[in-house]
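# Close look at the chain arrangement
Residue strings, one per chain:
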2 protein chains.
Amino acid sequence: MSAAVPTILDVAARAGVSKSVVSRVLTGAPGVASATRERVQAAATELGYVANAMAQGMVARRTHTLGAFVRDAATPFYGHLLTALQERASAVGYRVVTATGSGTFPVSEERRALETLVSLRVEGLVVCSGALPVEDVLPLAARVPTVVAGRPERSPALSSVYCDEHGGGRALAEHVHALGHRRVVVLTLEPTTSLTLSPRSHAMAARLRELGVHVTQLRAEDHRDARLDGVGEVVESALAERATCLMTASDRYAVAALEALRARGLSAPEDLSVTGYDGIGDLAGPLLGLTSWRQPLDVVGALAVEEVTAAIDARAADAEVVTRHRAVDGSLLVGRTAGRP
Amino acid sequence: MSAAVPTILDVAARAGVSKSVVSRVLTGAPGVASATRERVQAAATELGYVANAMAQGMVARRTHTLGAFVRDAATPFYGHLLTALQERASAVGYRVVTATGSGTFPVSEERRALETLVSLRVEGLVVCSGALPVEDVLPLAARVPTVVAGRPERSPALSSVYCDEHGGGRALAEHVHALGHRRVVVLTLEPTTSLTLSPRSHAMAARLRELGVHVTQLRAEDHRDARLDGVGEVVESALAERATCLMTASDRYAVAALEALRARGLSAPEDLSVTGYDGIGDLAGPLLGLTSWRQPLDVVGALAVEEVTAAIDARAADAEVVTRHRAVDGSLLVGRTAGRP
DNA sequence: TTGTACGCGTTATCAT
DNA sequence: ATGATAACGCGTACAA
């Protein structure tokens with residue numbers, strides 16, 4: 001139960017060589033007698049030696065580490081994004097250190113968390129937060145390659161990868177139209193409420209209108225949040241208007257609508273078709289059978305890592321770092337909650 | 001757009017002092033003329049100076065960092081746990097670096113991720129993984145204070161904080177009994193399938209029997225996973241036996257059961273009461289109204305941080321480090337899916 | 001009040 | 001093939 005963490009010197013002493021040799025063996029450098037090499041290996045494992053990444057980073061000026069900041073790992077959206085980042089990063093030889101806030105964190109804390117990442121001298125930064133203003137990210141982006149992931153962002157000073165909200169909303173609307181719906185209620189949100197939910201919901205309404213569908217927009221802000229009763233009013237309105245489909249901006253809203261229907265002894269899609277949006281997590285499984293739009297967070301994560309690493313390489317090669325904004329397409333999730341009218 | 005990261009020397013040069021003075025100012029040490037202090041502050045912010053945590057850690061031999069390892073941040077369970085850890089840790093002055101695997105990671109990768117954390121010289125380790133064998137954690141635990149969070153663990157060499165599966169299962173069973181159910185089907189799992197789902201499900205069945213309830217155990221292993229059709233068979237059996245309630249080991253199973261009911265034109269709790277377990281994430285919201293058992297992951301996270309930091313302090317004070325195993329109680333989530341028979 | 005010098009653990013360069 | 005030594009950026013005794 002040695003409290004003291006072994007250093008390279010301990011390994012060297014145990015193997016009866018100098019620390020230089022140990023370093024060479026451990027980094028896989030050539031020019032060490034195979035007998036010596038084995039002695040060193042043995043000594044290292046016996047001691048349970050793990051190299052001090054900080055000391056390595058100091059001299060190597062490389063940490064092989066990406067910093068990921070996610071607003072709240074407890075939400076499926078960020079959780080999946082985080083996992084995708086992790087997976088891709090380790091595939092291309094980077095480790096990931098994560099700083100996560102929580103829903104209750106003030107933005108000032110998010111800023112501090114970002115600084116933590118920078119203080120760790122991560123080589124690249126992936127910022128996933130719908131709340132953190134880009135102004136807070138910019139100064140860091142000037143120093144370390146940065147990509148904002150998961151939200152639309154168009155500052156030319158950094159790269160971004162996000163889901164195509166507009167395209168997704170339109171495509172889902174087309175699906176609803178193709179099913180034959182001609183009277184549809186769309187639950188819309190304003191940009192001030194959400195930078196992601198707003199564009200997708202307005203895109204749905206706009207596309208439906210283009211297709212000649214009778215559309216009624218109901219603003220979520222006029223009702224009580226995503227609570228059951230708030231959406232209940234929306235469902236009531238939809239039924240009163242003789243609409244055959246209700247399009248919502250997220251799976252949570254959709255589930256709330258389904259419950260509101262059930263509370264009235266009705267169900268989807270028989271009495272009213274219902275669509276969601278997100279396609280992530282438990283709500284999107286085959287269990288509920290939601291008709292929705294799946295955001296490819298694995299792709300977003302992978303591309304985000306791709307962008308940072310490219311920027312890192314470019315900077316290392318002293319080449320010009322080009323920033324890009326990439327919108328990725330989602331895919332239709334055909335479920336059982338939306339059918340023919 | 002300076003690619004070069006400013007060091008303490010840059011700040012010193014800009015302020016026209018030596019780096020010692022800068023260090024004192026930034027660490028808040030006394031004995032600096034206030035005029036000088038301000039000059040240094042100004043220089044630091046102008047340069048956007050962020051201290052190199054690695055260099056600091058090397059000399060201070062303290063990193064003020066906790067390492068959290070979570071098996072898969074994409075699942076609500078681990079996501080919430082991670083957030084809880086983060087929240088508590090930053091409240092007590094520690095930063096958290098996280099390494100997360102993903103559902104598809106082999107255990108060898110988990111081991112590597114843990115080493116990454118150790119190489120970063122975190123002062124304490126919180127391990128959240130139902131999959132990683134304790135043997136892989138033990139060697140690290142000997143070196144850095146470690147606590148296993150979120151799964152029952154009784155190795156005396158480290159501390160653990162987890163949910164009381166046994167007590168939860170019993171309490172939920174008592175609720176079902178109190179509702180008046182006398183014929184109940186319990187969907188059980190074996191320990192080889194899951195270290196958490198198994199004990200809770202068996203505790204439910206045992207407690208019900210103690211209370212004189214007629215219990216039929218159906219092994220999940222005998223059916224096709226948690227898929228809709230697999231649980232469909234279970235629901236069929238329950239109805240055929242004229243059971244009034246179906247207890248499952250997780251909210252996912254419960255939702256599957258609800259859907260199976262719906263597919264047959266039936267519903268809960270009218271035709272069959274259904275209970276879940278977990279109480280985390282979207283499935284547990286008021287939307288679905290699941291009757292379930294809520295695992296207090298925020299408490300688990302907070303206690304886990306409390307345990308590690310206590311161990312860190314003890315070790316620093318050269319006192320004896322006591323390991324503890326703490327089971328925390330959950331709470332009943334009264335929903336709409338279980339009613340009187 | 002301020003500056004000098006040393007060491008933390010590691011890699012890389014240069015001798016040997 | 002191996003060993004000594006200089007950095008890396010920072011905190012901190014100690015000297016001025």
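Bear in mind the structure is a predicted one, so any value in this text is a computation, not a measurement.

### Examining the overall build of chain A
Looking only at helices and strands, chain A features 12 helices and 12 strands. Compactness check: chain A gives a C-alpha radius of gyration of 26 Å against a globular reference of 20 Å for 341 residues, more than 25% above the reference. For chain A, the spread of C-alpha atoms along the principal axes amounts to about 85 × 45 × 35 Å. For chain A, with 341 residues in total, the buried portion stands at 55%. For chain A, the proportion of contacts with a sequence separation of at least 24, taken over those separated by at least 6, is 70%. Charge centroids of chain A, computed over 35 positive and 37 negative side chains, lie 4 Å from each other.

### Some points on a nonpolar patch on the surface
Together, Met 58 and Val 59 of chain A together with Met 58 of chain B make up an exposed nonpolar region whose accessible area comes to about 270 Å². Since its relative accessible area comes to 34%, Met 58 of chain B is described here as partly exposed.

### Remarks on the UniProt feature "domain: HTH lacI-type" (unreviewed entry) in chain A
The feature "domain: HTH lacI-type" (unreviewed entry), as given by UniProt, occupies residues 6-60 of chain A in the numbering adopted here. For residues 6-60 of chain A, helix accounts for 71% and strand for 0%, while the C-alpha atoms at its two ends are 20 Å apart.

### Let's talk about the sheet that holds strand β7 (residues 214-219) of chain B
Strand pairing in a sheet relies on backbone hydrogen bonds, with the paired strands running either antiparallel or parallel. All names here are of chain B. Strand order in the open sheet made by the four strands is β7-β6-β8-β9, with parallel pairing throughout. Two strands bound the open sheet, and with one partner strand each, they are β7 and β9 (273-275). This sheet shows a mean twist of 20 degrees between the axes of neighbouring strands, independent of strand direction. Of the strand pairs in this sheet, strand β6 (residues 183-188) and strand β8 (residues 245-247) are connected by three bridges, and their pairing is parallel. Across the sheet, Val 184 pairs through a bridge with Cys 245, a residue of β8. The strands touched by helix α8 (residues 165-179) are β6, β8 and β9; relative to β8, the strand with the most contacts, the crossing angle is about 175 degrees. Taken strand by strand, helix α9 (residues 197-210) contacts β6, β7 and β8, and its axis lies near 160 degrees from that of β6.

What counts, and at which threshold
Residues numbered from 1 in each chain as written. Chains lettered and ligands numbered in written order. Predicted model: local features only at pLDDT ≥ 70, side-chain atom pairs only at ≥ 80, totals over all residues. Heavy atoms only, no water. Helix = DSSP H or I, 4+ residues; strand = E, 2+ residues; numbered from the N terminus. Rg over C-alpha atoms; globule rule 2.2 N^0.38 Å. Buried < 20%, exposed > 50% of the residue type's maximum accessible area, 1.4 Å probe, protein only. Contact = heavy atoms within 4.5 Å. Lys, Arg positive; Asp, Glu negative; His and termini not counted. Charge placed at Lys NZ, Arg CZ, Asp CG, Glu CD. Patch = residues over 30% accessible without salt bridge, like charges linked within 9 Å, V, L, I, M, F, W, Y side chains within 5 Å. Areas by Shrake-Rupley, 256 points an atom, 1.4 Å probe, with all protein chains shown as cover. Salt bridge = Lys/Arg side-chain N within 4 Å of Asp/Glu carboxyl O. UniProt positions renumbered as here; feature names shortened; annotations may be inferred. Pairing = 2+ DSSP bridges. Axes fitted to C-alpha atoms, helices over the stretch in contact; angles between N-to-C directions.

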